[in-house]
Amino acid sequence: MSTLQSFSARTGDVLAELPATSPAAVDAACEAAAAAFAPWQAATGAERAALLRGLAAALEADREALVALADQETALGPVRLNGELDRTAFQLRRFADLAERGEPFAFVDDPAVAGAPPAGHPAMQRWSVPLGPVAMFSASNFPFAFSVLGGDTASALAAGCPVVVKAHTGHLQLSNRVFGLIQQVLAAQGLPAGLVGLVQGGGRDVGVRLIRHPAIAAGAFTGSTQGGAALAAEAAARPRPIPFYGELGSVNPTIALPAKLATDGAALATTLAGSITLGCGQFCTNPGVILLIDEVQPEMDAKAVNDAFVAQLAEALKAQQPHAMLTTAMRGAFEAGVAHWAQAGADMLLQETAAAGQPPRPVLAQVSALEFIAKAALREEVFGPSSLIVRAASLSQALQVLQAVGGSLTVTLWGVEQDSDKSRALVRGAMAIAGRVLFAGVPTGVAVTAAQQHGGPWPSSTRPESTSVGDAALARFLRPVCLQDAPAWLTARAGRPV
Ligand code: NAP
């Protein structure tokens, strides 16, 4: 049997060895999820809510040990990890409330209309039913909120779907401890153990076997664009292709207009530096591209204002002390990404060498809009405490930069408070490529709420019409069924033949 290792993110020391899941055990987890589907699909909203609330309470009751373990394996620190655990419990309870209230399952009643078609039609009702067992791939950088009991698991369970989790190799012990809590709650509530399964493996075999299993009806993934693309291709190549909801990497352009920087530049530089280095830059919403417009304007020297802002940002970044990265592989990928910027001709404005064994230093580089548009290597996410300044000579060049990005979880616009042709063009350009457009603040920090949209066109996600955060995440795991001329007994049972 092959073994996996849990590592200390700070020292790289091996903390524990754990068995990889065998192919037979991956299959068994999928089959157990399939067996749990029928009763869970039949469960009432109140029963689903009870499970989700029980899971939230179990997480909170084990907080101290969970946070200590997560801190060892991720180096994210107790403040961040306690906050993330709070968010995870909050979203479990939010999906519990949604399942109980039943809004996502509301049906469309279309009574019969007498007469010839197209106006006349039979009695029809459009219901939503759960898809079936979901294969869920955890991300490394949110060991609670996008992991074993994160938003994907919570929303799938609320929808009526069992889940088989592929644990992330970056926090294996934590994943197993959370899984142990889940099993205790399932047993206490008399629910089948197979309703939530866990598999783990270091190579690609375990994840690929999971997404290929015939019992799996959908994939939910949070991670890199490369990993998401590989698994989305697997999901599409199955004999019976399935939906694959991949939340991927993103460069999150922030556009700061000179008039805004002329008044608030110093404060915005400090805020931005904090956002770039938050969690050592390991956020999918990290502002990876700062777009500045050097357009000649009668009332101000935009280039001078932008230059001053860049200098302030470099100073503010220099003062930051990022913590260790999640894994040594991620640290290596960060350094390789920064090296690619330099090789592609970027002007390296801030690039200090970290002392041996120390966390990475923040990086700031600069390129022209024309270079950014011409070189795909400059548009790739560099996951870590870094940002690329892109200098556009005009509004139209700035809009071409957004088009070149193509898809992003967020775009932030600073300085479009006044209605003008320019503001409208920028908002149009931002809405064309992003799932969320911000007009104040920074993109790091994603509220779990009704209007949230966490997704976007490729390469930020595989399904731009869906979200992995917020109430609408539940809808990913439902599909509509129309019942035409349904018998009275079925209508009386709310379309549920159980
Ligand atoms: P990752 O390396 O893609 O890993 C995610 C999961 O997919 C892991 O379980 C991994 O297995 C598995 N995996 C990766 N490639 C695979 C392949 N080719 N075949 C089968 N399984 C595969 O991502 P990560 O390092 O955890 O996370 C960092 C990335 O996630 C960043 O790009 C970040 O922007 C993005 N992210 C996005 C969001 C969002 O909501 N859009 C949120 C957080 C993070 P192993 O554990 O075995 O490696």
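Data block above holds the structure.
The text that follows walks through the structure, step by step, so that each part is easy to find. Note that this is a predicted model, so its numbers are computed, not measured.

## Digging into the nonpolar core
Move 1: One finds Leu 157, Phe 372, Leu 388, Val 390 and Phe 477 to be the most contacted residues of the largest nonpolar core, which totals 102 residues.
Move 2: Summarising the domain contributions, this core has at least three residues from each of domain 1 (3–248 + 461–491) and domain 2 (253–438).
Move 3: Setting aside chain neighbours within four positions, we find Val 390 in contact with Val 289, Ile 290, Leu 291, Leu 292, Val 367, Ser 368, Ala 369, Phe 372 and Val 401.
Move 4: Judged by nonpolar contacts, the second largest core, of 21 residues, contains Leu 272, Phe 309, Leu 313 and Ala 314.

## A few points about helix α11 (residues 328–343)
Move 1: With 16 residues, α11 ought to run about 22 Å at 1.5 Å a step, and its terminal C-alpha atoms sit 22 Å apart, in line with that.
Move 2: For α11, every residue scored as buried is listed here: Met 330, Phe 334, Gly 337, Val 338 and Trp 341. Each buried residue of α11 lies within a common arc of 95° when the element is viewed along its axis, so the set occupies one face. Opposite the buried face of α11, by more than 90 degrees, sit the exposed residues Thr 328, Ala 329 and Gln 343.
Move 3: Buried residues along α11 sit in contact with β12 (347–351), β13 (363–368) and β14 (386–392).
Move 4: Following α11 by one or two positions, Gly 345 has its phi on the positive side, about 95°.

## Some details on the sheet that holds strand β7 (residues 196–199)
Move 1: Read from one edge of the open sheet, five strands run β7-β6-β5-β8-β9, paired in parallel fashion. Edge strands, defined here as strands with exactly one partner in the open sheet, are β7 and β9 (244–247). Adjacent strand axes in the sheet meet at a mean angle of 15°, parallel and antiparallel pairs treated alike.
Move 2: Relative to strand β8 (residues 218–222), strand β5 (residues 134–137) runs parallel, the two sharing four bridges. Residue pairing in the sheet places Met 136 in a bridge with Ala 220 of β8.
Move 3: Each of β5, β6 (163–166), β7, β8 and β9 is contacted by helix α7 (residues 205–212), which is oriented at about 155° to β5, the strand it contacts most.
Move 4: Across the sheet, helix α8 (residues 225–237) is in contact with β5, β8 and β9; its angle to β9 comes to roughly 175°.

## Some remarks on the pattern of salt bridges
Move 1: Under the criterion given, the structure shown has 23 salt bridges.
Move 2: A salt bridge links Asp 264 to Lys 260, with the nearest nitrogen and oxygen atoms 3.5 Å apart. Taken as a pair, Asp 264 and Lys 260 lie in helix α9 (residues 258–277) at a separation of four residues, close to a single helical turn.
Move 3: Overall, the relative accessible area of 22% leaves Lys 260 in the partly exposed class.
Move 4: Between Arg 361 and Glu 352 there is a salt bridge; the shortest N-O distance is 2.7 Å.
Move 5: Put simply, Asp 294, Lys 303, Asp 307 and Arg 391 are held in one network by salt bridges that share partners.

Reading the values: rules and limits
- Residue indices follow the written sequence of each chain, beginning from 1 at its first position.
- pLDDT decides what is reported in this predicted model: residues at 70 or higher carry local features, side-chain atom pairs at 80 or more are listed and counted, and totals for whole chains, interfaces and linings draw on all residues regardless.
- Calculation of side-chain values draws on the structure's entire complement of heavy atoms; hydrogens and water are dropped beforehand.
- Throughout this description, the term nonpolar core refers to a set of buried Ala, Val, Leu, Ile, Met, Phe, Trp, Tyr and Cys residues connected via side-chain atoms within 4.5 Å.
- Burial here depends on accessible area, computed with a 1.4 Å probe over protein chains only, as a share of the maximum for the residue type. Under 20% is buried, over 50% is exposed, and the range in between is partly exposed.
- Residue ranges for the domains trace back to a domain assignment, done automatically or taken from a database.
- Residue contacts are defined here by distance: any two heavy atoms, one from each residue, within 4.5 Å place the two residues in contact.
- By definition, any uninterrupted DSSP run of H or I lasting at least four residues is a helix, any uninterrupted run of E lasting at least two residues is a strand, and each is numbered from the N terminus.
- How far a helix is expected to stretch is found by multiplying one less than its residue total by 1.5 Å.
- The directions from the helix axis to the C-beta atoms are what the arc is built from.
- We treat two strands as partners when DSSP finds at least two bridges between them.
- Axes here mean lines fitted to C-alpha atoms, for a helix over just the part in contact, with angles spanning 0 to 180 degrees between N-to-C directions.
- Definition used for salt bridges: Asp or Glu carboxyl oxygen within 4 Å of a side-chain nitrogen of Lys or Arg.

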